[in-house]
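In case you want the letters, here they are:
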Amino acid sequence: MRASRNSSRLLHIETFGCQMNERDSEIMAQLMAAEGYLTTAAPEEADLIVVNTCSIRGKAEQKAMSLLGRYRKLKKKNPRLVVAVAGCVAQQEGVALLERMGHLDLVVGPQEIYQLPELVAAVRNGAGQHCATGQSPAFVIPPFLPELGNGPAHKRFVTIMQGCNNFCTYCVVPYTRGREISREPGDILAEVDHLARLGVREVTLLGQNVNSYGQDRPGLPSFAELLHEVAAIPGIERLRFTTSHPKDLSEELMQCFASIDALCPHFHLPVQSGSDAVLKRMNRKYTRAEYLDKVARLRAIRPDIAITTDIIVGFPGESEADFAATMELLEIVRYHGAFSFKYSDRPHAASAQFGDKVPEAIKGERLSRLQARQEEITFARKQELVGTVTEVMIEGGSKNGDQWSGRTAANVIVNFTAVETFTPGQLVMVQLDEACQNSFRGTIIQHEEQPA
Ligand code: SAH
Ligand code: SF4
Ligand code: F3S
């Protein structure tokens, strides 16, 4: 519902990057809603524009910068408009952004988003451009009770830790998000409990290095202990987490897939490369053999687990033989899905200084070969499931028809036809009839009664 234009102001948020950024955007929207800002999809009618940026690859940064450039015109038309840059590019570039783009009012780093209302108010009171990019290892993620706002009502993200200590040589995140800081377990449990009471049935725990939760301060539970506590909250039917580092994948965490019913049998375990020489130069702190052992162990504990990954092609010095080792790894693991990227030099990242850069054309060619083969494997993995019956959580339906869609525990979309009406978050049993590249088509078998 939209209040009248007189009693409220309008906020437009654009979000790039990972789920942590999506969650931060929700937090900013909620903080501004408390100040009377309603969100709008139209930047032209906004009083406040926030661009929550990502810096993971050069392209992500360029996209955010060109969008910011386009807002110059809007600012000219409406000098009362406040334009803020948040996220990883904000932290990385800081005050330089304000110098480069005179139409920007605010730069807000990831640890400063909770100050957004005060920062915006100061701009409105004539304080001029301001850069808030403080970053401290002593930062405490504040307790925060989420509202459902504009997001889905049945599934939500909960940030449980921030930052990263790993310093993979290609990566900007330790610089933009700072050191690892785990949230207080009591705050996390209170947030999930609150969401469950609002009707949320699926929760994804977030962190740049989520499975190192608890290692930064004595007295915190381990990540596995935290999973048990979260899963015990009534109403939480599905529990997920992302993203994990292979080096922190403990036996205790693997056992959770056998002992926690709500934990979805899906593990996103970025490998980055199949070559030991490249892994070493990436500072990934595991070998190919250690990674493969962990995959085998996970599958021994939970045979139906879907494993997905991230891969970088064309890391400096990657030879054709190194790349062949990555291609071979695809055949060994047979991932259920993979995100793959061309290596990109990033500010501060050690590998930006490495010699022996792989030419763009070769990166592009390797990426297409890898993606073509992985698509076949992803499809074959889906075909293996055709004919089985699986639990699907309803996402939504087409407005006027009998078309419904939901997600399997492994997070794959299933489309099916049914004359009944379902609510998002409801669990139904569906037979998978046909595999498509990014989804299944299925037939509804039965559904539980919605609790009153
Ligand atoms: N914290 C997670 C994810 C980090 S970002 C992890 O450790 O796996 C998501 C993915 O972006 C990474 O897994 C990696 O595959 C990719 N990536 C990160 N930096 C990159 C760079 N400089 N060039 C290309 N891809 C990169
Ligand atoms: Fe980046 Fe490595 Fe940290 Fe992931 S683990 S965020 S890739 S430094
Ligand atoms: Fe991008 Fe920052 Fe996330 S660089 S991937 S928004 S942590």
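A short tour of the structure in this document, coming up. (Residues numbered from 1 in each chain as written. Chains lettered and ligands numbered in written order. Predicted model: local features only at pLDDT ≥ 70, side-chain atom pairs only at ≥ 80, totals over all residues. Heavy atoms only, no water.)

**Side note on the site of ligand 1**
The environment of ligand 1 is formed by 15 residues, the closest being Tyr-170, Gln-208, Gln-272, Asp-310 and Ser-344. Measuring from a nitrogen atom of ligand 1, one finds a backbone N or O atom of Tyr-170 at 3.0 Å. Backbone polar atom of Gln-208 to a nitrogen atom of ligand 1: 2.5 Å apart, as the coordinates give it. Protein contacts shield 89% of the accessible area of ligand 1, which totals 540 Å² for the unbound molecule. Among the secondary structure elements, those contributing two or more residues to the shell around ligand 1 are strand 13 (306-313) and strand 14 (337-342). A per-class count over the shell around ligand 1 returns six nonpolar, four polar and five charged. (Near = heavy atom within 4 Å. Polar contact = N/O pair within 3.5 Å; in protein donor to acceptor, adjacent residues only side chain to side chain. Areas by Shrake-Rupley, 256 points an atom, 1.4 Å probe, with all protein chains shown as cover. Helix = DSSP H or I, 4+ residues; strand = E, 2+ residues; numbered from the N terminus. Nonpolar A, V, L, I, M, F, W, Y, C, P; charged D, E, K, R; others polar.)

**Here we look at the sheet that holds strand 14**
Spatially, 12-13-14 is the arrangement adopted by the three strands of the open sheet, whose pairing is parallel. Bordering the open sheet on either side are strand 12 (266-268) and strand 14, each of which pairs with just one other strand. Direction aside, the axes of adjacent strands within the sheet are offset by 10° on average. The pairing of strand 12 with strand 13 spans three bridges and is parallel. Counted as the bridge partner of Phe-267 is Ile-307 from strand 13. (Pairing = 2+ DSSP bridges. Axes fitted to C-alpha atoms, helices over the stretch in contact; angles between N-to-C directions.)

**Thoughts on the pairing of strand 11 (residues 238-242)**
With five of five residues buried, strand 11 lies mostly within the body of the structure. The alternating pattern of strand 11 places Arg-238, Arg-240 and Thr-242 and Leu-239 and Phe-241 on opposite faces, both of which are buried. Pairing between strand 10 (residues 202-206) and strand 11: five bridges, direction parallel. Within the sheet, the bridge partner assigned to Val-203 lies in strand 11 and is Leu-239. For the crossover that starts at strand 10, traverses helix 8 (residues 223-231) and ends in the parallel strand 11, the hand is right-handed. (Buried < 20%, exposed > 50% of the residue type's maximum accessible area, 1.4 Å probe, protein only. Right-handed = clockwise from strand over helix to strand, strands pointing away.)

**So, the site of ligand 3**
Neighbouring ligand 3 are the residues Cys-18, Asn-21, Cys-54, Ser-55, Ile-56, Cys-88, Val-173, Arg-177 and Gln-208. Looking at the shell around ligand 3, its residues break down into five nonpolar, three polar and one charged. When residues of the shell around ligand 3 are assigned to domains, at least three fall in each of domain 1 (9-132) and domain 2 (155-383). (Domains from an automatic or database assignment.)

**What to know about the sheet that holds strand 6 (residues 130-132)**
Spatially, six strands are ordered 2-1-3-4-5-6 in an open sheet, and the strand pairing comes out parallel. On the outer flanks of this sheet lie strand 2 (37-39) and strand 6, each paired with one strand and no other. Across the sheet, the axes of successive neighbouring strands diverge by a mean angle of 20°, strand direction being ignored. In this sheet, strand 4 (residues 82-86) lies alongside strand 3 (residues 48-53) in parallel orientation, the contact comprising five bridges. Paired with Val-51 across the strands is Val-85, a residue of strand 4. Of the strands in this sheet, strand 1 (9-15), strand 2, strand 3 and strand 4 are in contact with helix 1 (residues 19-33), which crosses strand 1 at around 175°. (Contact = heavy atoms within 4.5 Å.)

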